[in-house]
Amino acid sequence: MTTKEKIFDVSIDLFSQYGYDGVSIRQIAGEVGIKESSIYNHYPSKESIIDEILNYYIQEMTKEEIPLAQASKNLDVSFEYFYKAGLDLYISKLSEDKMMKITRIILIESYHNEKIKDFVKVAIIEHAIRGWSELFDLMKEKNLINNDYESVQLARSFYYYGLFLLIEHFIINYPEDDEEFLATLAKKSQQHMELIYNSVKIE
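Residue numbering note: each chain is counted from 1, following its sequence as written. Restriction of local features to residues with pLDDT of at least 70 applies here, the model being predicted, together with a cutoff of 80 or more for giving and counting side-chain atom pairs; totals for whole chains, interfaces and linings are based on all residues. Based on all heavy atoms of the structure, the side-chain values leave hydrogens and waters out of the count.

Draft legend 1. The arrangement of the overall build of the protein chain in detail. A tally of regular secondary structure across the protein chain gives nine helices and zero strands. Referenced to the eigenvectors of the C-alpha coordinate spread, the extents of the protein chain come out at roughly 65 × 30 × 30 Å. When each of the 203 residues of the protein chain is scored for burial, the buried share is 42%. Accessible areas in this description were obtained via Shrake-Rupley with a 1.4 Å probe; residue shielding takes into account the shown protein chains only. If you sum the accessible surface of the protein chain, you get close to 11200 Å²; carbon and sulfur atoms cover 50% of it. A residue counts as positive if it is Lys or Arg and as negative if it is Asp or Glu; His and the chain ends are not included. Where a charge lies is defined by one atom per residue type: Lys uses NZ, Arg uses CZ, Asp uses CG and Glu uses CD. Averaging the positions of the 22 positive and the 34 negative side-chain charges in the protein chain gives two centres separated by 3 Å. Labels follow the DSSP assignment, with helices taken as runs of H or I lasting at least four residues and strands as runs of E lasting at least two, numbered in each case from the N terminus. Relative accessibility thresholds used throughout: buried, under 20% of the residue-type maximum; exposed, over 50%; partly exposed, between the two (1.4 Å probe, protein chains only).

Structure follows, in C-alpha cells:
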C-alpha cells in the first residue's frame, strides 16, 4: 500500500469516527506515521482528501450498475428476479468496510457541510430517483404496472424508505452490528418494493 493510499484509508477511518471537522491534518499524519508536511506531497489540502473519498464512493457505487437493457431482460424473467439482482449488487457493494464508513461520513456531514450536502442531493438522491423512475417507466412499457401512477413518485416512495434505513443505522442507532443491519436492509427493502409493486401492478 502506498503512502497516499494509507492517507486515504486513515482519513476514512478518522472522518467516520470524529467527523470531517473533528480531524486535523496533523492527526491524519500521526496515524499514518509520517510528518504533517508530508501529507501535502499527496494531497494539497484536507478538502482534497474528502473530494477523493466522495469520488471513490460514487465510482464504486455506479461502476457495476445494471444497464437498462439488462434490467429489461431481468424483468422478462420475473419481477422478483429483476429486483433481487439489483438489491444483491447494492448490498454487496455496501457491505465493504470502506464503503460502510464512507456512507456514515456522507450522512453525518450532509447536515452541515455544503459540499457533501450537494453531493447527497445530486449524486445520491437525484441520480437514484432518476434511475428508479426509468425502471418504473420500463415496467409501464411492459404492462407490468398501471400507467396512472407517476414513475417519479413511485421512485421517491421506494428510495426514501431505503435512505431512512441508512440514516437510522448510521446515525440514530450507531453503533450497531453492520452485518445484521445489511441483512435487515435487504429484507425490509425487498418487502417495501414488493408492497409498492403489488399496489400498482396490473393483474
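That shown, we press on.
Draft legend 2. Broad picture of the pattern of salt bridges. Criterion for a salt bridge: a side-chain nitrogen of Lys or Arg within 4 Å of a carboxyl oxygen of Asp or Glu. Enumeration over the complete set of coordinates arrives at 13 salt bridges. Between Glu60 and Lys63 there is a salt bridge whose closest N-O contact spans 3.1 Å. The class of Lys63 is exposed, set by a relative accessible area of 53%. Residues Glu96 and Lys93 are paired through a salt bridge, measuring 3.2 Å at the closest nitrogen-oxygen approach. On the basis of relative accessibility, which here comes to 10%, the residue Lys93 falls in the buried class. Where salt bridges share partners, they join Glu60, Lys63, Lys93 and Glu96 into one cluster.

Draft legend 3. Region of the structure containing unusual backbone geometry. Along the chain, Tyr174 connects to Pro175 via a cis peptide bond; the corresponding omega equals -5°. With a phi angle near 55°, Asn143 is a residue other than glycine that sits in the positive phi range. Following the sequence through the fold, Asn143 ends up in the loop between α7 (114–141) and α8 (151–172). Overall, Asn143 belongs to the exposed group, its relative accessible area being 54%.

Draft legend 4. Examining the packing of aromatic side chains more closely. Aromatic rings from Phe, Tyr and Trp, with only the six-membered ring used for Trp, were paired whenever their centres fell within 6.5 Å, and each pair was classed as stacked if the ring planes differed by under 30 degrees, edge-to-face if by over 60, and tilted otherwise. What the rule picks out here adds up to 10 aromatic pairs. Look at Phe79 and Tyr83: their rings are 6.4 Å apart centre to centre, the planes differ by 10°, and that puts the pair in the stacked class. Here the residue Phe79 and the residue Tyr83 both occupy positions in helix α5 (residues 79–94), the gap between them amounting to four residues, near one helical turn. Residue classification places Tyr83 among the buried positions, given a relative accessible area of 5%. By definition, being over a ring means that NZ of Lys or CZ of Arg is both within 6 Å of the ring centre and within 35 degrees of the ring normal. For the cation-ring pair, Lys4 lies above Tyr43, with the distance from its terminal atom to the ring centre recorded as 5.1 Å. If you follow Lys46 out to its NZ or CZ, it ends over the ring of Tyr20, 4.2 Å from the centre.

Draft legend 5. The arrangement of α7 in detail. Taking 1.5 Å as the rise per residue, α7 with 28 residues should run 40 Å; its terminal C-alpha atoms sit 39 Å apart, in good agreement. The bend reported for a residue corresponds to the angle between axes fitted to the seven residues ending at that residue and the seven starting there. Glu126 marks the point of greatest bend in α7, at about 30°. Under the rule applied, a polar contact is a pair of N or O atoms within 3.5 Å (in protein, one hydrogen donor and one hydrogen acceptor; residues adjacent in sequence only if both atoms are side-chain atoms). Capping the start of α7, Asn113 holds a side-chain oxygen 3.0 Å from the backbone nitrogen of Lys115, two or three residues further along. Given a helix with a known number of residues, its expected span is that number minus one, times 1.5 Å.

Draft legend 6. Fine view of the packing of α8 against helix α9 (residues 178–200). Close contact between α8 and α9 brings their axes to 10 Å; oriented N to C, the two are set at 160°. Judged on the interaxial angle alone, α9 and α8 are roughly antiparallel. Where α8 crosses over α9, the two elements pack in a sense that is right-handed. Taken together, the residues of α9 that come into contact with α8 (itself represented by Leu154, Ser157, Phe158, Tyr161, Gly162, Leu165, Leu166, His169 and Phe170) are Asp178, Phe181, Leu185, Lys188, Ser189, His192, Met193, Ile196 and Val200. The class makeup of the residues in the contact of α8 with α9 is 11 nonpolar, five polar and two charged. All axes here are fitted lines through C-alpha atoms, helices being fitted over the stretch that makes contact, and every angle between N-to-C directions spans 0 to 180 degrees. Working rule for angles: under 35 degrees goes down as roughly parallel, over 145 as roughly antiparallel, 65 to 115 as roughly perpendicular, anything else as oblique. With the far helix as reference, a near helix turned anticlockwise by less than a right angle produces a left-handed crossing, and one turned clockwise produces a right-handed crossing. The contact rule is simple, with two residues in contact once any of their heavy atoms fall within 4.5 Å. Note on residue categories: nonpolar means Ala, Val, Leu, Ile, Met, Phe, Trp, Tyr, Cys or Pro, charged means Asp, Glu, Lys or Arg, and polar means any other residue, Gly included.

Draft legend 7. A negative patch on the surface, seen in detail. A cluster of acidic residues, Glu176, Asp177, Asp178, Glu179 and Glu180, forms a negative patch on the protein surface. Along the polypeptide, Asp178 turns up in helix α9. In this structure Asp178 comes out as partly exposed when scored by relative accessible area, which is 32%. Candidates for patches are residues over 30% relative accessible area with no salt bridge; among them, like charges are joined within 9 Å and nonpolar side chains (Val, Leu, Ile, Met, Phe, Trp, Tyr) within 5 Å.

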